[in-house]
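Examination of the molecular architecture
As a plain string of letters, each chain reads:
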Amino acid sequence: MLVRTLTAAALLAALVAAPARSDDRIEIFDAHMHYNWEPKPYYQPDEVLEVFRKNRVTGVLATSRPNTGTHVLMDDKAKGKAGDLQVVPFIRPYRVRADIGSWFNDPVIFDLVQEEFKRGYYRGVGEFHLTGKAADTEMVKKTVDFAVANNLYLHAHADDEAVEILMRHNPRAQIIWAHTGFSLAPDRVAAMLAKYPKLWGELSYRSGIVDGSGKLTPQWRVLFERYPDRFLLGSDTWVPERWASYGDIMDGYRAWLAQLPPAVAKQIAHGNARALFAEK
Ligand SMILES: [Zn+2]
């Protein structure tokens, strides 16, 4: 009996001393996450938090169409339900999907941005969509100036021409470049990063990073090693299919991150986002 008691006590001590279940997967900060509430949320709030935990996603750049999903996440965070997850809310300038094609000329949207900002917790505006000269409008200039005046990042799904117009609207703009130009030539990406020190490339849907066998391509290895502090990862959960494949998307990132020097991999996986969104 004594032996059994001692064994149980020893076992308990060992359990208490043991670290939490070890997870050697590299932490990922998801810097392009839409928790859309329209037409309806794909996951309930506790489910979406579980998806992040399961995939060792420890931070999210959170947006939602309309902004309801972001409010829910922020409320959960305030109630302690999100654990250590860092939630970085951005103002989405869309109420419904159709706003994608008209927000840049719509004064109602600029009102929406200013109204949302009053919640006090936002760190940026976006994701918004712009192609070429669509960026060259009064509403877009106002949005960029508003972001600069309030120390907000912009999250722009834009081609390189539109990014240049945004920077011209206000050279103090800080832009997270959703998809980093999609298939834009790596040399052109490098030129943009060199020209604009406050431009960071987010890599969802970015082609050319790996070859057909999953090996990091030489062009992208060079870019990552030359600009290790300028890239971010994202899921871009814009449709249900992206939520359904969330785990695969994160596994895909980890597969090529593992081919980089560990310090560079850490920066891209979470370090750069942590640095950008450090609590003020
Ligand atoms: Zn997106």
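Going by the annotation in an unreviewed UniProt entry, the name recorded for the chain is Amidohydrolase, with Tardiphaga robiniae given as the source organism.

1. As for the overall build of the chain
For the chain, the count of helices and strands is 11 helices and eight strands. For 280 residues, the compact-globule formula gives about 19 Å, and the C-alpha radius of gyration of the chain, at 21 Å, lands near that figure. Principal axes of the C-alpha set define a box for the chain whose edges measure 80 × 45 × 35 Å. The buried share among the 280 residues of the chain stands at 52%. Within the chain, residue pairs in contact and separated by at least 24 positions form 76% of the contacts whose partners lie at least 6 positions apart. A total of about 13,200 Å² of accessible surface is found on the chain, and carbon and sulfur atoms cover 58% of it. Mean positive and mean negative side-chain charge positions of the chain (35 and 34 charges, respectively) differ by 4 Å.

2. Details of the pattern of salt bridges
Evaluation of the coordinates by the stated rule reveals 16 salt bridges. As a salt-bridge pair, aspartate 23 and arginine 25 come within 2.8 Å of each other at their nearest N and O atoms. Classification of arginine 25 as partly exposed rests on a relative accessible area of 26%. Of the charged contacts in the structure, one is a salt bridge between glutamate 27 and arginine 274, with a shortest N-O distance of 3.7 Å. Highlighted residues: glutamate 27 in the loop between α1 (2–17) and β1 (28–34) and arginine 274 in helix α11 (residues 262–276), separated in sequence by 247 residues. Connected through shared salt-bridge partners, Asp160, Glu164, Arg188 and Lys195 make up one network.

3. Comments concerning the packing of aromatic side chains
Under the criterion given, the structure shown has 20 aromatic pairs. The ring of tyrosine 205 is capped by arginine 242, whose NZ or CZ atom sits 4.1 Å from the centre of that ring.

4. Here we look at the sheet that holds strand β5 (residues 153–158)
The strands that make up a sheet pair up through hydrogen bonds in the backbone, lying either parallel or antiparallel. One open sheet holds the eight strands; their spatial order is β1-β2-β3-β4-β5-β6-β7-β8, and the pairing between them is parallel. Every other strand in the sheet has two partners, leaving β1 and β8 (231–232) as the edge strands with one partner each. Note: β5 against strand β6 (residues 175–177), three bridges, orientation parallel. Within the sheet, the bridge partner assigned to alanine 156 lies in β6 and is tryptophan 177.

5. Notes on the pairing of strand β4 (residues 124–130)
For a regular strand, side-chain orientation follows a simple rule: the groups alternate between the two sheet faces. Counting buried residues in β4 gives seven out of seven residues, a clear majority hidden from the surface. Strand direction decides the pairing type here: strand β3 (residues 86–91) and β4, joined by two bridges, are parallel. For isoleucine 91, the partnering residue across the bridge sits in β4 and is valine 125. Across six bridges, β4 lies against β5 in parallel orientation. When the bridges of β5 are listed, glycine 124 appears paired with tyrosine 153. Note on the crossover from β4 through helix α5 (residues 138–149) to β5: the handedness is right-handed.

6. Things to note about the packing of helix α7 (residues 186–195) against helix α8 (residues 218–226)
Running from amino to carboxyl end, α7 crosses α8 at an angle of 10°, the nearest separation of the two axes being 10 Å. One element, α7, and the other, α8, form an angle in the roughly parallel class. From α7, Pro186, Val189 and Ala190 reach across to α8, where they touch Gln219, Trp220, Leu223 and Arg226. Tallied by class, the residues present in the contact of α7 with α8 amount to five nonpolar, one polar and one charged.

7. Here's the deal with α5
Taking 1.5 Å per residue as the helical rise, α5 with its 12 residues ought to reach 16 Å, and the 16 Å between its terminal C-alpha atoms agrees with that figure. Among all positions of α5, only Met139, Val140, Thr143, Val144, Phe146, Ala147 and Val148 are buried. Here the buried face of α5 lies against α4 (107–117), β4, β5 and α6 (160–169). Just downstream of α5 lies asparagine 151, where phi reads positive at about 55°.

Definitions and cut-offs
Residues numbered from 1 in each chain as written. Predicted model: local features only at pLDDT ≥ 70, side-chain atom pairs only at ≥ 80, totals over all residues. Heavy atoms only, no water. Helix = DSSP H or I, 4+ residues; strand = E, 2+ residues; numbered from the N terminus. Rg over C-alpha atoms; globule rule 2.2 N^0.38 Å. Buried < 20%, exposed > 50% of the residue type's maximum accessible area, 1.4 Å probe, protein only. Contact = heavy atoms within 4.5 Å. Areas by Shrake-Rupley, 256 points an atom, 1.4 Å probe, with all protein chains shown as cover. Lys, Arg positive; Asp, Glu negative; His and termini not counted. Charge placed at Lys NZ, Arg CZ, Asp CG, Glu CD. Salt bridge = Lys/Arg side-chain N within 4 Å of Asp/Glu carboxyl O. Phe/Tyr/Trp six-rings, centres within 6.5 Å; stacked < 30°, edge-to-face > 60°. Lys NZ or Arg CZ within 6 Å of the ring centre and 35° of its normal. Pairing = 2+ DSSP bridges. Right-handed = clockwise from strand over helix to strand, strands pointing away. Axes fitted to C-alpha atoms, helices over the stretch in contact; angles between N-to-C directions. Parallel < 35°, antiparallel > 145°, perpendicular 65-115°, else oblique. Nonpolar A, V, L, I, M, F, W, Y, C, P; charged D, E, K, R; others polar. Expected span 1.5 Å × (residues − 1).

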